[in-house]
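In case you want the letters, here they are:
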Amino acid sequence: MKDEIAVIYPNEAISTAVLKYCRERSLPLPDHIHRHAELTEKQLGDKSEMMVSRLQAQYLLWTARSFGAKKILEVGCFTGFSALTFAEALKGVEGAKIVTMDINPETGAIARQAFKTAGVDGFVELVLGPADQTLTDLVPQGPFDLVFLDANKEGYITYFNKILELGLVRKGGILIADNVLKKGLVVDATENNPSFSDSYATSKVPYLKDFNDLVASDKRVETFILPVFDGLALVRVL
Ligand SMILES: C[S@@+](CC[C@H](N)C(=O)[O-])C[C@H]1O[C@@H](n2cnc3c(N)ncnc32)[C@H](O)[C@@H]1O
């Protein structure tokens, strides 16, 4: 059997053009969500890179809709870009509920304002505090259909175990964890990798490797790692 080819696009120019092509032919984000991302970029400069990309947001919108999710839990809200995307997916759905968590009250204030402006604050709730503690209080609101893990990478294993032990994802529900490939550093963090000198990204690698190994072997779940964006682990709860 022929080896699968991992390098899909030959250079940056073609990759950029392909991303644009996909963005233009995928379920679009509404204007107000684009405006919110632009505002975050203007207000927070380089920090705005914490947001998922536009195409990834389109993927999350499509996934949440296709999956028929009604209740979504997000760990890592930042200014609310991905939460607004999930809110768009759940708009008009009876019993819709989104709980998004973050430790930072400043970006949290921006998110809360954005939920209000978008008219989704009736079903989108921001919980402030360290997620390893705040998750415990969520049991009465669960179980959730979809969980998006996008907070501090050091906490992924704790969050995953807590979420499963507390029954915060329903059986057959899905947990999506972001950045699990970390610029390819999880497989090669030597000078072969151009991101080798990114000490922040490199410092996350041991936590992500442990997380990836855990979700690959844990009998409570089935996992597929999608090698797009910064690596998405799609984890289905059995
Ligand atoms: C990558 S950003 C989330 C981006 C967001 N999902 C989006 O696409 O717009 C990660 C967030 O995790 C939050 N965070 C870091 N440590 C945390 C903790 N212990 N508990 C909860 N949130 C935490 C940070 O404050 C930051 O806003």
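Residues numbered from 1 in each chain as written. Predicted model: local features only at pLDDT ≥ 70, side-chain atom pairs only at ≥ 80, totals over all residues. Heavy atoms only, no water.

- Looking at an unreviewed UniProt entry, one finds the protein chain named O-methyltransferase and attributed to Orbilia blumenaviensis.
- Under the Sequence similarities (unreviewed entry) heading, UniProt states for the protein chain: "Belongs to the class I-like SAM-binding methyltransferase superfamily. Cation-dependent O-methyltransferase family." (UniProt positions renumbered as here; feature names shortened; annotations may be inferred.)

## Considering the overall build of the protein chain
No. 1: Looking only at helices and strands, the protein chain features 8 helices and 7 strands.
No. 2: Principal axes of the C-alpha set define a box for the protein chain whose edges measure 50 × 40 × 35 Å.
No. 3: Out of the 238 residues in the protein chain, the part that is buried amounts to 45%.
No. 4: In the protein chain, of all internal contacts separated by at least 6 residues, the share reaching a separation of at least 24 is 73%.
No. 5: Roughly 12600 Å² of accessible area belongs to the protein chain as shown, and the carbon and sulfur atoms make up 55% of that amount.
No. 6: With 26 positive and 31 negative side-chain charges, the protein chain shows a spacing of 5 Å between the two charge centroids. (Helix = DSSP H or I, 4+ residues; strand = E, 2+ residues; numbered from the N terminus. Buried < 20%, exposed > 50% of the residue type's maximum accessible area, 1.4 Å probe, protein only. Contact = heavy atoms within 4.5 Å. Areas by Shrake-Rupley, 256 points an atom, 1.4 Å probe, with all protein chains shown as cover. Lys, Arg positive; Asp, Glu negative; His and termini not counted. Charge placed at Lys NZ, Arg CZ, Asp CG, Glu CD.)

## A look at the site of the ligand
No. 1: Contacts to the ligand come from 19 residues, most closely from Gly 76, Ser 82, Asp 102, Ala 131 and Asp 150.
No. 2: Asp 102 has a polar side-chain atom sitting 2.6 Å from an oxygen atom of the ligand.
No. 3: At 3.2 Å from a nitrogen atom of the ligand is found a side-chain nitrogen or oxygen belonging to Tyr 159.
No. 4: For the ligand, whose accessible area on its own is 610 Å², the fraction buried by protein is 89%.
No. 5: Its residues assigned to classes, the shell around the ligand comprises 11 nonpolar, 5 polar and 3 charged. (Near = heavy atom within 4 Å. Polar contact = N/O pair within 3.5 Å; in protein donor to acceptor, adjacent residues only side chain to side chain. Nonpolar A, V, L, I, M, F, W, Y, C, P; charged D, E, K, R; others polar.)

## A look at the sheet that holds strand E2 (residues 97-102)
No. 1: Within the open sheet, the 7 strands sit side by side as E3-E2-E1-E4-E5-E7-E6. Their pairing is mixed. Taken across any chain shown, the strands that pair with only one partner, and hence form the sheet edges, are strand E3 (124-128) and strand E6 (221-226). If you compare each strand with its neighbour and ignore which way they point, the axes differ by 15 degrees on average.
No. 2: Bridge analysis of strand E1 (residues 71-75) against strand E4 (residues 144-149) gives 4 bridges, and the strand direction is parallel. Within E4, the residue paired with Ile 72 across the bridge is Leu 146.
No. 3: Sheet contacts for helix H7 (residues 156-165): E1, E4, strand E5 (169-178), E6 and strand E7 (232-237); angle to E5, the most-contacted strand, approximately 170 degrees. (Pairing = 2+ DSSP bridges. Axes fitted to C-alpha atoms, helices over the stretch in contact; angles between N-to-C directions.)

## A short note on the packing of aromatic side chains
No. 1: In total, this model carries 4 aromatic pairs according to the counting rule given.
No. 2: Pairing Tyr 156 with Phe 211 gives two aromatic rings, centres 5.3 Å apart and planes at 75 degrees, and the pair type is edge-to-face. In this pair, Tyr 156 is assigned in helix H7 and Phe 211 in helix H8 (residues 199-217), connecting sequence segments 55 residues apart. No difference in accessibility class separates Tyr 156 from Phe 211, as the two residues are buried.
No. 3: Ring centres of Phe 160 and Phe 211 lie 6.0 Å apart, and the angle between their planes is 90 degrees; on these two criteria the pair is classed as edge-to-face. (Phe/Tyr/Trp six-rings, centres within 6.5 Å; stacked < 30°, edge-to-face > 60°.)

## Some thoughts on the environment of Lys 71
No. 1: Tracing the chain through its elements places Lys 71 in strand E1.
No. 2: Taking the C-alpha atoms as reference points, Lys 71 and Gly 95, 24 residues apart in sequence, are found 7.9 Å from one another.
No. 3: Residues within four places of Lys 71 in sequence aside, it is in contact with Leu 90, Gly 95, Lys 97, Gln 141, Gly 142, Pro 143, Phe 144, Asp 145 and Leu 146.

## Focus: the environment of Glu 106
No. 1: Tracing the chain through its elements places Glu 106 in helix H5 (residues 105-117).
No. 2: Glu 106 sits in the exposed class, given a relative accessible area of 63%.
No. 3: With 28 residues separating them in the primary sequence, Glu 106 and Phe 78 have C-alpha atoms 9.0 Å apart.

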